[in-house]
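In case you want the letters, here they are:
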Amino acid sequence: MGKVVVVGAGAMGCLFAARLALGGQDVTVVDVSAERLDLIGREGIHLHDDGGHHVAKVGAALAADVTGPVDLVILMTKGMHSAAAIRSVAHLDDGRCLALTLQNGLGNVEAIAEVFEKKRILWGVTDFPADLEGPNAVASHGQGHIWLGGINTAAHAHADAVVALLNAGALNAAADANVQSAVWEKVAFNAALNSLSTITGLPVGGLDCAEGRRIAVQVLDETIATAAALGIMMDRARLMTKMDFALANHRTHKPSMLQDRLAARLTEIESINGAIERFAAQAGVQVPTTRLLADLVRMGEPR
């Protein structure tokens, strides 16, 4: 493996493209902005991390201009763009190429499965921090991890190869046969804190009060109940520990959903709270708090 296409040049897309290129992979970044792609192609991606300042030389192209063969497509757009983004690189699906999503929320795998066979789709979660510092500059300070696996047994057979590729770029990846639970736990965490932060306008530390905790725990429990009805087991104690850690240690952090709201952009609410709401309806589970937060965020979406 070695030829990678990263679809989406946001903070996470730039971070992963830079790390992989610095690790020796042949990386091409795909985005919808020709102007930004031209800058990335000319100057590379500037990465500032705990090791200093690095310049990663990567390819940069509109989706239609990327040619195969490609070993791995990594989808890094926001959830509402997943379907269009993966269709834009459908021509790279040669029956051998793998597809990986580490995006927030639910529904991304289903979008990929409209293009790629399920036996070549992997998914997972990451907690790497990443902040854009310009159109071709990204900062990532502190350690992160990736946990990934196949969406079925056949796909999981490719997990170790993808882990090795990512780790060549110092991305601290590990294969997880139970990655579905990890995906749902991250969705629960984001549904609880991101939507509440967006509605109140408060950074994470502002949610560290009796009212904020009460609402967040209700969302966690509703998500756990929904997942259980679908046969997906989640670790409530681990989720509570993760929430407590975030409230205590990420006090000034503004979740990406709040950043989108402040910038008058569409949020990922339909991929997070909205997705839980839809799965809950299918499973016959009541999620009134999750639905209320989703509706409140929806009311503020640009129209």
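Residues numbered from 1 in each chain as written. Predicted model: local features only at pLDDT ≥ 70, side-chain atom pairs only at ≥ 80, totals over all residues. Heavy atoms only, no water.

(A) Highlighting unusual backbone geometry. Residues Gly68 and Pro69 are joined by a peptide bond in cis, for which omega reads 0°. The topology assignment puts Pro69 in the loop between strand E5 (59-61) and strand E6 (72-75). The phi angle at Ala170 is positive, at roughly 55°, despite the residue not being glycine. Following the sequence through the fold, Ala170 ends up in the loop between helix H6 (159-167) and strand E12 (173-175). Here Asn172, not a glycine, exhibits a phi torsion of approximately 50°, which is positive. Within the secondary structure layout, Asn172 lies in the loop between H6 and E12. Take Asn172: its relative accessible area is 33%, and that puts it in the partly exposed class. (Helix = DSSP H or I, 4+ residues; strand = E, 2+ residues; numbered from the N terminus. Buried < 20%, exposed > 50% of the residue type's maximum accessible area, 1.4 Å probe, protein only.)

(B) Representation of helix H1 (residues 11-22) within the structure. Taking 1.5 Å of rise per residue, 12 residues should cover 16 Å, and H1 covers 16 Å from first to last C-alpha, within 8% of that figure. Burial analysis of H1 places 10 of its 12 residues in the buried class, which makes it a mostly covered element. Every buried residue of H1 is listed here: Ala11, Gly13, Cys14, Leu15, Phe16, Ala17, Ala18, Arg19, Leu20 and Ala21. Downstream of H1 by a residue or two, Gly24 has a phi angle that is positive, lying close to 100°. (Expected span 1.5 Å × (residues − 1).)

(C) How the structure looks around helix H11 (residues 273-283). Burial in H11 covers these residues: Asn273, Gly274, Ala275, Ile276, Glu277 and Ala280. Where the residues of H11 are buried, they touch helix H7 (179-200), helix H8 (210-229) and helix H12 (288-299). Immediately downstream of H11, the backbone of Gly284 shows phi near 75°, a positive value. (Contact = heavy atoms within 4.5 Å.)

(D) Geometry of the pairing of strand E4 (residues 52-56). As paired elements, strand E3 (residues 45-49) and E4 share five bridges and run antiparallel to each other. The residue of E4 that forms the bridge with Asp49 is Gly52. Linking E3 to E4, which pair antiparallel, is a turn of two residues. (Pairing = 2+ DSSP bridges.)

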